[in-house]
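The chain contents come next:
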Amino acid sequence: MGHVYAIANQKGGVGKTTTAVNLAACTAESGRQTLVVDLDPQCNATVTLGFDRDAEPSTYDALCGEVSVAAAARPTATDNLWLVPASRDLAGAAVELPGLERSELRLREGLGPIRERFAATLLDCPPSLGPITVNALTAADRVIVPVQAEYLALEGLVQFLDTLQTVRRRLNPSLVLTGIAITMADERTRLSQDVERELRDHFEDLVLETVVPRSVRLAEAPSFGLPVIAHAPASRGALAYRALAEEVLARG
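The structure presented is a predicted model; accordingly, all values stated were derived computationally and were not measured. (Residues numbered from 1 in each chain as written. Predicted model: local features only at pLDDT ≥ 70, side-chain atom pairs only at ≥ 80, totals over all residues. Heavy atoms only, no water.)

Chemist: Please explain a negative patch on the surface as it appears in this structure.
Modeler: Among the surface-exposed residues, E198, D201, E204 and D205 lie close enough to one another that they form a single negatively charged patch. Take D205: it is sitting in the loop between helix 10 (190-203) and strand 8 (207-213). On the basis of relative accessible area, D205 is assigned to the exposed category, the value being 66%. (Patch = residues over 30% accessible without salt bridge, like charges linked within 9 Å, V, L, I, M, F, W, Y side chains within 5 Å. Areas by Shrake-Rupley, 256 points an atom, 1.4 Å probe, with all protein chains shown as cover. Salt bridge = Lys/Arg side-chain N within 4 Å of Asp/Glu carboxyl O. Lys, Arg positive; Asp, Glu negative; His and termini not counted. Charge placed at Lys NZ, Arg CZ, Asp CG, Glu CD. Helix = DSSP H or I, 4+ residues; strand = E, 2+ residues; numbered from the N terminus. Buried < 20%, exposed > 50% of the residue type's maximum accessible area, 1.4 Å probe, protein only.)

In structure tokens:
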């Protein structure tokens, strides 16, 4: 039985899509069937994995239509890695979802046999706490929160953890916080070191040991439609995400 992970943080620019795509690619590299579900209207995971923004069926159809997530999944150029793409229509889902019956449960009910088919499913969430992210947190078994190594990211993290507690109480009591992943860190700066220390002091074991560094190879990989382990397999970013994937899988 596979796990469904929401990669979520309401703050933008913290590396959610980079984390979702590269964790998924590293999991797939180990021989496990892995799925990325792009829930961000910006469609960045879709483009990063070599698809265009008009692909159909899409996550919009899974959230607001009658298409199952499994039916919308398609293989990527990376072995064992599949994608449910986002489309531009997904921008309207935040408006349409509240008017649908059982709106918070649309994604959970649309997952179907996903857990039997895929060892890991990663939900790439939008940078908001709106109805799409609530759907993802309601559907997920576990949550990974990417946090950029900057002070403003700490404030957003506290707000997100409050939302997580609300979702647990009202919609998904079995939801587990797998960990907080520090991303875009520059170990040469005092700022990155101070933020990491504060995170580990306040959240202790919730902070994953692996820290993802700032990396030119990570930043340029999406322009080639590839995860970093395919674009630059020996780069610091690729090595970090391989280590992070091992750590996440070890936590269950």
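Chemist: Looking at this model, I keep getting lost on the layout of surface pockets. Mind explaining?
Modeler: Taking a probe equal in size to a water molecule and rolling it over the atoms shows the remaining empty space. By volume, the largest pocket amounts to about 510 Å³. Lining the largest pocket are 28 residues, with G15, K16, T17, T18 and M184 sitting closest to its centre. Contributions of two or more residues to the lining of the largest pocket are made by helix 1 (16-29), helix 2 (44-48), strand 7 (176-185), strand 8 and helix 11 (216-220). The element that contributes the greatest number of residues to the lining of the largest pocket is helix 1, accounting for five residues. Tallied by class, the residues present in the lining of the largest pocket amount to 14 nonpolar, eleven polar and three charged. (1 Å grid on protein atoms, 1.4 Å probe; cavity = no way out; pocket = protein on both sides within 12 Å on 5 of 7 lines; lining within 4 Å. Points joined across faces, edges and corners; volume = space filled by probe spheres on them. Nonpolar A, V, L, I, M, F, W, Y, C, P; charged D, E, K, R; others polar.)

Chemist: Just checking my understanding: could you explain the pairing of strand 7 for this structure?
Modeler: Residues in a regular strand point their side chains to alternate faces of the sheet. Counted residue by residue, strand 7 has eight buried out of ten residues, so it is predominantly covered. When strand 6 (residues 142-148) meets strand 7, the two strands line up parallel, connected through seven bridges. Directly across from P146, in strand 7, lies its bridge partner A181. A crossover connection joins strand 6 to the parallel strand 7 through helix 9 (residues 151-170); in handedness this β-α-β unit is right-handed. Inspection of the sheet shows strand 7 paired to strand 8 by three bridges, in the parallel sense. In the sheet register, I180 faces strand 8, and the bridge partner there is V207. Remark: the strand 7/helix 10/strand 8 crossover connection has right-handed handedness. (Pairing = 2+ DSSP bridges. Right-handed = clockwise from strand over helix to strand, strands pointing away.)

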